Structure formats: structure tokens, C-alpha cells
Amino acid sequence: MLGNAVRYADPGQGPVADVLDAARRLVPVGAAKELDSGEAWLKDAPAMLAAAERIVEAAGFRRDTAHRLLEQTRVTAAECLVDPADDLGIGTVHFPEPHLVGAGRRTAQRTLASRAAAGMVRKGYAGRYAYWERMHQELDIIAHHGFASYFLTVAQVVDDVRKMGVRVAARGSGAGSLVNHLLGIAHADPVEHGLLMERFLSKRRLVLPDIDIDVESARRLEVYRAIIGRFGTERVATVAMPETYRVRHAVRDVGAALSMDPADIDRIAKSFPHIRARDARAALEELPELRALAGEKDRYGRLWELVESLDALPRGVAMHPCGVLLSDASLLARTPVMPTSGEGFPMSQFDKDDVEDLGLLKLDVLGVRMQSAMAHAVAEVERATGEKVDIDAIAPGDPATYQLIRSTETLGCFQIESPGQRDLVGRLQPATFHDLVVDISLFRPGPVAADMVRPFIEARHGRAPVRYPHPDLEEPLKGTYGVVVFHEQIIDIVDIMTGCGRGEADRVRRGLSDAESQGRIRFWFAQHAAARGYDAETIQRTWEIIEAFGSYGFCKAHAVAFAVPTYQSAWLKAHHPAAFYAGLLTHDPGMYPKRLLLADARRRGVPILPLDVNKSAVAHRIELVSDSGVWGLRLALSDVHGISEAEAARIADGQPYASLLDFWERARPSRPLAGRLAQVGALDAFGANRRDLQLHLTELHRGARGGGGGQLPLAGGRKTASAGLPDLSSAEKLSAELGVLSMDASRNLMDDHREFLAELGVASARRLREARHGETVLVAGAKAATQTPPIRSGKRVIFSTLDDGTGLVDLAFFDDSHDACAHTVFHSWLLLVRGTVQRRGPRSLSVVGTAAWNLAELVELRAEQGLDAVAARLAEPVPEAGEDSTGGRRIHLPTGYELHPWADLRPAGQEPSQVRKLWHQSPGSAG
């Protein structure tokens, strides 16, 4: 039909060129060649039109009907044209309509400029010329790309979240934009911290930048509902996340399909680390902690083959934890949408990679538990004392906060609580906010693997001179003692030496991660630097630094955004410790179990108040325990195993209770829940001991089932009378706490083993601080965390942390000790470890393990056979570190060697990396 339309079209009656173009898209390839010469068609047009007119006349229509029919043919053909890029909006970002983000009658760009100027006045920058200049430069870049609506959209979301009373903060390179700061999106001042807009957005960077925002994890879904309420379901959708098989899920599903015993399925699945399903049999052969399971491998037939065949196959679709799509009202025409299970949010069936390829605007709204923990802590301070704490406005250089950080007692503090970070903080000794930014940037796999940490520490503490590749580079490098740490420094170096501008310099930085591009970039850099007068040696030296550090550095804007909650959480721990721990235990934001946080609270002098149905709330709270102003931490009802939200709320809402019967009748706990509450002392206030209370609860339950109600014998007043049963022993009470609360609430569980550990000569964590480098020690404690992070050499190192009640002991087991130690480390909770002390500074301390025993087994052996039997067990030959199971020698860790997570084992003082050598080979330069 379109072909006829072209043949019959009148050149003077319509857009013949458009018709020809549409025809080329639709007709077969062979026929398309005939369309290439429009003139040939047009020569025949009058004759064809005459024929068309005769045809319509023969059909009984007027002659001019031919023109109308040919036009209808052209329109129909255009509607049939399939163009995915145009139909789905690929390559074009669709922002919410301007009136939804406060633009009103003005353009989005003018509205953005007006809000930014208002932010200048509000934040006190009105008299600073450099800030005005930076603001206008950024607005010019934003206008160049037409992204004003994007900034207004994010600002609107942040404003709405703050009005809800939810903590919100920006993260990522967006923190480097002054406009974001002026709009209230980002907290830190980018000018003060030397952050670059070009790392976030420039005229040379065409893709839509990411502005990620962190909100309280406990209220993330509320935030989603607010975004949908603001923009409507026709403009908002969450993002899908395909769930694929890894080894644990594969074992569970294959085991169920093979009708295996559920207990066996659970045991096998939990034995594996979190690895790919395809690596199941390899892990059985290689990992010492799976040795026992490997011995049963043949027993399970085709299980392993089927498990590995499921690797990376999809097993379901879930809502992405942070991705939210925002668009104009055309969103539903560009993505299929389905409701999420539970909340029923609209969810795009595209995943996060799909939506970025399609050009859909994705805003990452990430729920961060530390934000919830800090919000809870601040709310507790206000509830209990009436003091309103604004942690977004606290003094930036608080001495008590930095004293806490330098002490390395940073458990629970955002970003600086892991063993590796505590070690780095101890070596770096932060004294300013900038130091925190550097610390966070250095503790990344890339910087550690590239040996960026050591030269920085040495120069910072005056053990090495500060050097620069060239005097021109002093300005961008002096804040890090001549060591390249940040992406922004690479951008500045390239800009200074080539004069290309920061936008082009950022493009160069991003190209460094592509091995194929490095050769072209190197030639370009050398050519432009030489043209600006730099000598060949300086160019070569600087390029090697750029090449090595450019792909490993960390975005300073990201580090600044992270350092804000790091400092805020440390400030709360220093000034409001009870409230800080209440927030941590309620929202569980860190890498350690709750019992370890409780132990840390005890060490910092925070009284632990037991669970009590008349005083405990759903969440953890603080209580004044003395007239001297000491605040204690009251345990929460929500910590009781198996309690539902409704049950916890019902107990809290009914407080106070006059008696056990009153509690039973009004709180209406289930019999198992009431028994667990009695076990951990939550009903102690009603009189009688815990075994008596269990008996009375059984009577109440029996009476309730019989329909006759219940009546308990009273011992005067409202107290429940004793039934004459013996109370739980101290050990039984502790066991109940661990079973019901997963915490040793009344005392540290290691207290029961002090005498035995003293007999063995075990060094406590407190005493270990005085141990010498290279000293062989015995340490013991409850295992708090175990990790096997990747290291540069590809070898496997097991890092573990023990809590002995006096502090933490950080352990490392190299691969030559795994045959002797790995199974025990992974499958025991209480550990006794023999190892060598390693020090890299006054506050840097770890133990390199060479042998490990299950402490619980040794305690039992001591009780049954005496101390001599324990000594004999410890004296039994085990493959020492440096000796494999066949007696062959392996690499030993001698005195003077150092352990670096994510890096190789190396002798102290050795400079293994090319970059590290450069700093010392550069006379008069490079620090």
C-alpha cells in the first residue's frame, strides 16, 4: 500500500521525501534499492496519479478522493513503523513534569537557579565570591545538559523525606556538587573539602549522573510510599532484581527435589560459605572446614552435579533494595509493571542494568541501618532528658570524639568498626574530619593492594619525607602528604599538566580502567604535557603514578559523604553512649552480633538493665540509674526469640502489671512466649523464682484451656507465692539468656572460664595490649566474626575476631595453618588459639594463629579428667604454621613480616609495588 502511495503521490501535494523515507524502512531490502532514486518515482507520479483518479472514478468517487486515500495510506504506514528507540524513549530521559517539582510558571532551570541562590543566603555564603562563581559554573553545566528537572526532582524527594522526620543524606559523587549542597541534598560543603563538580558532571560527560540518597532503613518503605504519593503510580516504579542460584539455595532446592532429609539439607547448606553453585565440588576438595562433609560426598549421589548445574539460573524476582524509577506520565508506556508481593508497590520488570540502558531515571534510595540507629539514639535522648540533639549541626572538631576514634574502640561506629579499619585507625590516628575522609578512602581493596597505605602513614608521622612528582602538583597532593589517594587528585594532576580542563581530565581518569585505552591515553598525556614544558622524566614518573593509582583510587566526594555519619556515630558514642547502644541494638547496623555490642557497652561503663515486662519497651531504651547522671540500657521486648510485633506492642501498651495473673490476662502472651520471658527474668518482679514462675504459668495455661480462668496463690500483697522449686543456677540463667535473647545479658559468658584460662596462661585482650611484637601467646574468647576477604596474591586468609569480656582479639590464619585450624575456627563458637603477636604501631595489634582448639571441649575435658588431660591435648602434635599435613615446609610468617587484608604477605620495609618504588626513586619529588 505504501509503495502505491509513493507511486501515486503528487510532488506538490505532500511531503514526498517523508513518504520515501518511510517506505525505505518498511519495504524488503531488494526493493529498497529502487527507492534510492526518488526522481525515478517522481517522473511517473503524474501518470500514476491519473491512473489513481481513474480508479476512484470507476469506484464511484470524485477524482480528488485519490489524494485523500494516498494520504491515509502514508499515515497508516507511519503508524505501522516499529522504532524501539523512539517508542521506549531510549536515549532520552523523561523527568517528572516541572509543576510537580516546584517549577510552577517558571522554567525548571530558572527555578533551580533561584533555589540555589536562596541556599547561598541560607547557608551564609552570600558574601563569598568563590561560592557564587562555583554555583554559576555548575548551573551552566546543568543547563547545558538540560538536567535542571533532575536536580529539582531529587531535591523534592529529599525535602519530602525530611518533612516526614526521616534522616536522609546524599552519598556518592553527587556530594561534590555545590548545587546539591545548596538544595539541601548533600550535607558537606564541597568547596571546603576540595570536591570537584567534574567528578560528578561536566559538559564532556553526557550520561545522567547518579545522586544516591541514604534514608533510615526502618522507614525506607514509608519513603517509597511518600514518593509514590507525590508523583503518582503513573510516574513511579521500583526496580526488579532477578535472584539467581548460589550454592546454599541450590543445595536446598535440589535436596528437596531429591526427597532428602530436611535436617541433612539444612546442615549441608549451612556448611558452605556464600559461593557460586558451580564451585560446590571444588570447595569440598579445597576448603579444610568442609573436610567432614567431603567425606560424605558419595553418599548424596547426583546432588552435587545438579547443584552445580543450577549455577546463576534465575530462581525468582524480587524488588531491588534501593532502585526507584521516576518519570513523567509516560512511564507505563515504556516499561512493563507488576505489583510487588506484600506492599504491592509498582515494580518494573526491567532490572537495574536494563533501566539504565533504556535511559530511565533511576534514583537510588538506600535504607541504611546506621541512620535508623542514630535517629533512635537522638529520639531516646530527647525522650529521657528533653534535650534535642541535632547531629547534623554538631561541632566538627570535638576532642572527645577524636579521642574515642584514636583509641580504636570504634565498635558500632559507621565504616570504622571492622578489624582492618580499627587497625588502620590505630596507625593513622585521625585528628580532623579530613583524616577520616582519608582513612575511609584508604581502606578499600584497590588502595590497599596498590600499597597506598604504607607511604601515607610513613609520611603523615614524619617517618618519610613528603615528596611531589613536580612542584606544580603540590597543591592537589599536599593534603595527602604527596600520596595519590582520591580520584579528584588524578583529575587535578591531568588538568594541571595538560591544560585539558577538569571535564576532559575526568574522561581520561575513567579511561584508565580500560587496558586497551591506556596506550592511547599515555601518548596523549605525554604529548600535551611536553607541550606545556614538562621534561620527559617528570612526564614518565607522573604517568606511572597516574596509571597505577587512577584505577584504584577512591572518589573523595563519596568518602566525604561516608565520613559524615562516621563522625556523627562516633560523637554519639562519646557523648551519649547508652542512647548510642540503644540505637545499635534496636537496628543492628554493624557486622558484629548484638552480644558483642552489649559487651562493649559494659566495658564503656554503661549499666545493662535486664528485661522486665513492666519496664522494657518494644525497642531498647535508656534509663537513669543514679543521681550522678549515669544512664543505663534497658533491654527490649523485641529481642525475645519468637515474639511477634503485635505481642511486644501489647505487652508494652499494658504496662504496668500488678501481678503475674494481671500480666497473663491483659497481655495475653502465648504459653511458649510467657515461658521464655520467665526464663530470662522478665517476670521476676512478680515474686517467686523462675522455676516457680514456670509452674504457675503452666497452671494459668491449663486453667485458660479449661475455661475456668486462673487463680494463683499470693504471698502477701500482689506477689506470687513460692512453689518451693529450686531456682535456676547461674549457668542455667546464662544459658537461657543466650538461647532466648542471643545475648549474655547478666554477665559476659567468658567470666565463667576466667579461672580455667588463668590456669592455661591465656593472655586477655586487655593484657595483650602490652605484648611484644613476635611474642607467642594463647588467647581465647567467643567468636564474634569470621571473614575470608580476597587478597592480591589469591591465597586464602581467615580473619576472625574473639571477645573475651575484656576486649577484642583480632586473629589471622594464613593458608599454611588451615589444615590445622580452619575446621575448628569455622565450626566452634568458643575458641582457644595459639599464635604470634603482630604490631604495626602502638594501637595496631593482631595475632597470627598457628593452632586452634574448641574451648568448650577443653572445658569439658578439664571437668572430667583434670588439667593434665588438657595440657596433654594442647601438647598433641598438630601441623604448625609453616608445615603442611605431609610434613613439607611452607612459607612461614617470621618476625618482621606484616599482614595486610587484600594484600600480599610481605616483609616489613619491603616495597613490593612499582608505585611504592617510584616514591623513593624520584629525587626531590614523590612522597
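Here the structure is shown first, and the text comes after it.
This section reports on the structure supplied with the text.

Counting secondary structure elements, the protein contains 43 helices and 17 strands. A burial count over the protein gives 53% of its 927 residues as buried. On the protein, roughly 40,500 Å² of surface is accessible, and the fraction owed to carbon and sulfur atoms is 51%.

Close contact between helix H31 (residues 577-587) and helix H32 (residues 594-603) brings their axes to 10 Å; oriented N to C, the two are set at 175°. The pairing of H31 with H32 is recorded here as roughly antiparallel in orientation. For the pair formed by H31 and H32, the contact residues are Tyr-581, Leu-584 and Leu-585 on the first element and Lys-594, Leu-597, Leu-598, Asp-600 and Ala-601 on the second. Of the residues that constitute the contact of H31 with H32, the class distribution is 6 nonpolar, no polar and 2 charged.

Next up on the list: the pairing of strand S13 (residues 808-813). Counting buried residues along S13, 5 of its 6 residues qualify, which places the element largely inside the surrounding structure. Pairing of strand S12 (residues 798-803) with S13, which is carried by 6 bridges, proceeds in the antiparallel orientation. What sits directly across from Leu-802, in S13, is Val-809. Counting the residues that bridge the hairpin from S12 to S13 gives 4 residues, and of these Gly-805 lies at a positive phi of roughly 90°. As defined by bridge partners, S13 adjoins strand S15 (residues 844-854) across 2 bridges and the pair is classed as parallel. Residue Ala-812 lies in a different strand from S15, and its bridge partner there is Val-848.

On to the sheet that holds strand S10 (residues 631-634). For sheets, the rule is that strands pair by backbone hydrogen bonds, running either parallel or antiparallel. Taken together, 3 strands build an open sheet; the order of strands is S8-S10-S9 and the sheet is mixed. Because the sheet does not close on itself, it has two edges, and the strands there are strand S8 (608-609) and strand S9 (621-624). Against the sheet, H31 makes contact with S9 and S10, and its axis sits at roughly 15° relative to S10, the strand it touches most.

Another point: the sheet that holds strand S14 (residues 830-841). Read around the barrel, 5 strands follow the order S11-S12-S13-S15-S14 and close on themselves; strand pairing throughout is mixed. The mean angle between the axes of side-by-side strands here comes to 55°, regardless of whether they run parallel or antiparallel. On the sheet, H32 packs against strand S11 (776-787), S12 and S13 and is oriented at approximately 50° with respect to S12.

On to the packing of aromatic side chains. One pass over the structure, following the stated rule, counts 15 aromatic pairs. Ring centres 5.9 Å apart and planes at 75° place the aromatic pair Tyr-150 and Phe-151 in the edge-to-face group. Just as Tyr-150 is buried, Phe-151 falls in that class too. Seen in terms of ring centroids, Tyr-300 and Trp-304 are 6.3 Å apart; in terms of plane orientation they differ by 85°. Their pairing is edge-to-face. Judged by its relative accessible area of 3%, Trp-304 is buried. Among the aromatic residues, those joined into a ring-pair cluster are Phe-95, Phe-147, Tyr-150, Phe-151 and Phe-200. If you follow Arg-315 out to its NZ or CZ, it ends over the ring of Tyr-245, 5.7 Å from the centre.

Counting 123 residues, the largest nonpolar core has Leu-442, Leu-611, Ile-651, Phe-663, Leu-677, Leu-683 and Leu-741 as the members making the most contacts within it. A total of 11 residues in this core trace back to one element, the largest contributor, which is helix H30 (residues 556-575). Once you skip the residues sitting within four places of it in the chain, Leu-677 turns out to touch Leu-611, Val-613, Val-640, Ile-651, Phe-663, Ala-682 and Leu-683. Within the second largest apolar cluster, 50 residues are counted, among which are Leu-100, Val-101, Tyr-125 and Val-154.

Another point: the packing of helix H27 (residues 502-511) against helix H28 (residues 515-531). Packed helices, taken two at a time, are described by the angle between their axes plus the distance between the axes. Orientation of H27 relative to H28, taken along the N-to-C sense of each, is 145°, at an axis distance of 9 Å. Side by side, H27 and H28 meet where Glu-504, Val-508 and Gly-511 of the first sit next to Ser-517, Ile-521 and Trp-524 of the second. Of the residues belonging to the contact of H27 with H28, the class tally is 3 nonpolar, 2 polar and 1 charged.

Next up on the list: unusual backbone geometry. Across the junction of Gln-655 and Pro-656, the peptide omega takes the value 0°, indicating a cis bond. Along the chain, the position of Pro-656 falls in the loop between helix H33 (645-653) and helix H34 (660-667). One non-glycine residue, Arg-668, adopts positive backbone phi at about 50°. Following the sequence through the fold, Arg-668 ends up in the loop between H34 and helix H35 (671-679).

Tracing the chain through its elements places Glu-417 in the loop between helix H20 (399-406) and helix H21 (419-428). Of the side chains bearing the opposite charge, Arg-422 lies closest to the buried Glu-417, which forms no salt bridge; the N-O distance is 7.1 Å. A polar contact of 3.0 Å, which involves the side chain of Glu-417, links it to the backbone nitrogen of Met-591. Here Glu-417 is in contact with Thr-410, Leu-411, Gly-412, Arg-422, Gly-590, Met-591 and Tyr-592, once residues within four sequence places are set aside.

This part is about the side chain of Arg-205. Checked against the element boundaries, Arg-205 lands in the loop between helix H11 (178-182) and strand S2 (212-216). Given the relative accessible area of 16%, Arg-205 is considered buried. Within the structure, the side chain of Arg-205 is placed 2.8 Å from the backbone oxygen of Arg-199, a separation counted as a polar contact. Excluding its chain neighbours within four sequence positions, the residues that come into contact with Arg-205 are His-145, Glu-198, Arg-199, Phe-200, Asp-506 and Arg-510.

In this section: the pattern of salt bridges. Enumeration over the complete set of coordinates arrives at 56 salt bridges. A salt bridge links Asp-392 to Arg-167, with the nearest nitrogen and oxygen atoms 3.1 Å apart. Taken together, the residues span a long stretch of sequence, with Asp-392 in the loop between helix H19 (369-385) and H20 and Arg-167 in the loop between helix H10 (148-163) and strand S1 (168-171) at a distance of 225 residues. On the accessibility criterion, Asp-392 (36% relative accessible area) is partly exposed. A salt bridge links Arg-509 to Asp-506, with the nearest nitrogen and oxygen atoms 3.0 Å apart.

So, on to the environment of Pro-273. Its place among the elements puts Pro-273 in the loop between helix H14 (262-271) and helix H15 (280-286). A relative accessible area of 24% means that Pro-273 is categorised as partly exposed. When residues no more than four places from it in sequence are discounted, the contact partners of Pro-273 are Val-247, Arg-248, Leu-287 and Leu-290.

Over its 16 residues, helix H6 (residues 65-80) extends 23 Å from the first C-alpha to the last, a length consistent with the 22 Å expected when each residue adds 1.5 Å. Every buried residue of H6 is accounted for by Thr-65, Ala-66, Leu-70, Thr-73 and Ala-77. Projected onto a plane normal to the axis of H6, the buried residues spread over an arc of 135° and lie on a single side.

This part takes up the pairing of S2. In terms of residue burial, S2 counts as a mostly covered element, since 5 of its 5 residues are buried. Inspection of the sheet shows S1 paired to S2 by 4 bridges, in the antiparallel sense. Bridge pairing in S2 links Ala-170 to Ile-213. Bridge analysis of S2 against strand S7 (residues 361-368) gives 4 bridges, and the strand direction is parallel. Its bridge partner lying in S7, Ile-213 is registered against Val-365.

Glancing now at helix H13 (residues 247-257). Since there are 3.6 residues in each turn of an α-helix, residues three or four apart along the chain are aligned in direction. Those residues of H13 lying buried are Val-247, Ala-250, Val-251, Val-254 and Gly-255. An end-on view of H13 places all buried positions within 120° of arc, on one side of the element. Facing away from the buried surface of H13 by more than 90 degrees, the exposed residues are Ala-256 and Ala-257. Against the buried residues of H13 lie H14, H15 and helix H17 (303-309). Downstream of H13 by a residue or two, Ser-259 has a phi angle that is positive, lying close to 60°.

Basis of the calculations
- Numbers given to residues run from 1 along each chain, matching the order in which its sequence is written.
- This being a predicted model, a pLDDT of at least 70 is required before a residue's local features are given, and a value of 80 or more before pairs of side-chain atoms are given or counted; all residues contribute to the totals for chains, interfaces and linings.
- In computing side-chain values, all of the structure's heavy atoms are included and hydrogens and water are not.
- Going along the chain from the N terminus, every DSSP run of H or I of four or more residues is numbered as a helix, and every run of E of two or more is numbered as a strand.
- Burial classification: accessible surface area is computed with a 1.4 Å probe over protein chains only, and a residue below 20% of its type maximum counts as buried, one above 50% as exposed, and the rest as partly exposed.
- Accessible surface is estimated by sampling points in the Shrake-Rupley manner with a 1.4 Å probe; for residues, cover comes only from the protein chains shown.
- Under this scheme, a helix contributes an axis fitted over its contacting stretch, all axes are lines through C-alpha atoms, and angles between N-to-C directions fall in the 0 to 180 degree range.
- Note on terminology: angles under 35 degrees are roughly parallel, angles over 145 are roughly antiparallel, angles of 65 to 115 are roughly perpendicular, and the others are oblique.
- Whether two residues touch is decided by their heavy atoms; if any such pair falls within 4.5 Å, the residues are in contact.
- Any residue outside Ala, Val, Leu, Ile, Met, Phe, Trp, Tyr, Cys, Pro, Asp, Glu, Lys and Arg is labelled polar, Gly included; the first ten of those are nonpolar and the last four are charged.
- Here, any two strands with at least 2 DSSP bridges between them count as paired.
- To pair, rings of Phe, Tyr and Trp, with the six-membered ring standing in for Trp, must have centres within 6.5 Å; the planes then decide the type, stacked if under 30 degrees apart, edge-to-face if over 60, and tilted in the middle.
- Here, over-ring charges are defined by two tests on the NZ atom of lysine or the CZ atom of arginine: distance to the ring centre within 6 Å, and angle to the ring normal within 35 degrees.
- Residues grouped as a nonpolar core are buried Ala, Val, Leu, Ile, Met, Phe, Trp, Tyr and Cys residues, joined through side-chain atoms within 4.5 Å.
- Counting rule applied: Lys, Arg positive; Asp, Glu negative; His and chain ends not counted.
- We define a salt bridge as a side-chain nitrogen of Lys or Arg found within 4 Å of a carboxyl oxygen belonging to Asp or Glu.
- Residues adjacent in sequence count toward polar contacts only when both atoms are side-chain atoms; beyond that, a polar contact is any pair of N or O atoms within 3.5 Å, and within protein one must be able to donate a hydrogen and the other to accept it.
- Each residue after the first adds 1.5 Å to the expected span of a helix.
- It is the directions from the helix axis to the C-beta atoms that the arc portrays.

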